[in-house]
Each structure stands twice: as structure tokens, then as C-alpha cells.
Amino acid sequence: QVQLVESGGGSVQAGGSLRLSCAISGNSYYHKCLGWFRQAPGQEREGVAGVDRTGRTTFADSVKGRFTISQDKPTNTLYLHMNNLKPEDTAMYYCAAAVLCVGGYPVLPYWGQGTQVNVSS
């Protein structure tokens, strides 16, 4: 079992920044591929950023150059650093952990409960 708890969401104006955190606990076997997804109302969940066990990162085209993903292995914390936020970044953001990455994102992952990000224009 793996537990993921996100925090750091909130409301910001366009151009602002937020840092999301995800505290990960449980069987480290499932910590090999980590990532962030988001889901806006009426839309499908989409991958935002991923990091595999080698440290290789993947980003959605819509966030490249604005978002970075990092992890603090001693504390098992995953971060999503979001800069120059846009209204279209408004969504519920979910942390995910899995054994495998496909296309740079965790596949069949464990999910956190989500943290809401609202960006106003």
C-alpha cells in the first residue's frame, strides 16, 4: 500500500507561483515512477509532470518552461513548482506513484486525494 497526501494548492492571480507538495509513504516498491496529474471540470485527467527512478523528467507541452518537478528522497516528498500560472492551469492536481512509467508518467498508479489550484485572470 502507498499513501499520498498533497498540499500547497490555493488561489493565485495569473503570473503567480505555487508549490505543490506530496508526502509519500508506504511500500517504496511503488515509488519508482512519480508524477503529477490534473483534472479540470468536465475534462479528462491529464499528465502534467513525471519523474522516473533515474531522475528523468517529463512535462506536458502546456507547462514546459513554467513547471518543474522535484523530489526530496530523504523525506519521500514530491514537489511541483508552478511559475507564471495561467487561468487554464486551474484544476484539481493529483500526485501519483507507481511501479512503472509509460511515456514518462506513472501507469496504474496510487493516487492522492488532490489539491485545488485556482488561477484568476
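Structure first, text after, so check above.
Cut-offs used in this document
Residues numbered from 1 in each chain as written. Predicted model: local features only at pLDDT ≥ 70, side-chain atom pairs only at ≥ 80, totals over all residues. Heavy atoms only, no water. Disulfide = S-S within 2.5 Å. Helix = DSSP H or I, 4+ residues; strand = E, 2+ residues; numbered from the N terminus. Buried < 20%, exposed > 50% of the residue type's maximum accessible area, 1.4 Å probe, protein only. Phe/Tyr/Trp six-rings, centres within 6.5 Å; stacked < 30°, edge-to-face > 60°. Lys NZ or Arg CZ within 6 Å of the ring centre and 35° of its normal. Core = buried A, V, L, I, M, F, W, Y, C linked by side-chain atoms within 4.5 Å. Polar contact = N/O pair within 3.5 Å; in protein donor to acceptor, adjacent residues only side chain to side chain. Contact = heavy atoms within 4.5 Å.

(A) Structural detail: the state of the cysteines. Applying the stated criterion across every chain yields a total of two disulfides. There is a disulfide in this structure between Cys33 and Cys101, and the S-S distance comes to 1.8 Å. Handedness here is read from the sign of the S-S torsion; for Cys33 and Cys101, about 95 degrees, the answer is right-handed. Here Cys33, found in strand S4 (residues 33-39), pairs with Cys101, found in strand S10 (residues 101-102); they are 68 residues apart in sequence, far enough to count as distant. Cys33 sits in the buried class, given a relative accessible area of 1%. Given a relative accessible area of 28%, Cys101 falls into the partly exposed group. Described in terms of the sequence order of its bonded cysteines, the disulfide pattern of the protein chain is 1-3, 2-4.

(B) Structural context of the packing of aromatic side chains. This model, assessed by the stated rule, comprises five aromatic pairs. Taking the centre distance of 5.8 Å and the plane angle of 55 degrees together, the rings of Phe37 and Tyr105 count as tilted. Here the residue Phe37 occupies a position in strand S4, and Tyr105 occupies one in strand S11 (residues 105-106), the gap between them amounting to 68 residues. On the basis of relative accessibility, which here comes to 10%, the residue Phe37 falls in the buried class. Ring geometry for Tyr94 against Trp111: centres 6.3 Å apart, planes inclined by 80 degrees, an arrangement best described as edge-to-face. One end of the pair, Tyr94, is in strand S9 (residues 91-98); the other, Trp111, is in strand S12 (residues 110-111), and 17 residues separate them in sequence. Using a relative accessible area of 13% as the deciding quantity, one classes Tyr94 as buried. Given a relative accessible area of 36%, Trp111 falls into the partly exposed group. Within the aromatic cluster, the residues linked to one another by ring pairs are Phe37, Tyr94, Tyr105 and Trp111. One cation-aromatic arrangement involves Arg45 over Tyr94; the distance from NZ or CZ to the ring centre is 3.7 Å. Taking NZ or CZ as reference, Arg45 lies 4.4 Å from the ring centre of Trp111, over its face.

(C) Expanded view of the nonpolar core. By size, the foremost hydrophobic cluster in this structure holds 31 residues, and its most contacted members are Trp36, Phe67, Leu78, Leu80, Met82 and Tyr93. At the level of secondary structure, the elements contributing two or more residues to this core comprise strand S1 (2-7), strand S3 (18-26), S4, strand S5 (46-51), strand S7 (67-72), strand S8 (77-82), S9 and strand S13 (115-120). The element best represented in this core is S9, accounting for five residues.

(D) The arrangement of the side chain of His31 in detail. Tracing the sequence through the fold places His31 in the loop between S3 and S4. A relative accessible area of 14% means that His31 is categorised as buried. Reaching out from His31, the side chain makes a polar contact with the backbone oxygen of Asn27 at a distance of 3.3 Å.

(E) Highlighting the environment of Val107. Within the element layout of this structure, Val107 appears in the loop between S11 and S12. As for Val107 and Leu34, which are separated by 73 residues in sequence, their C-alpha atoms are 9.4 Å apart. When sequence neighbours within four positions are dropped, the list of residues in contact with Val107 reads Ala98, Leu100 and Val102.

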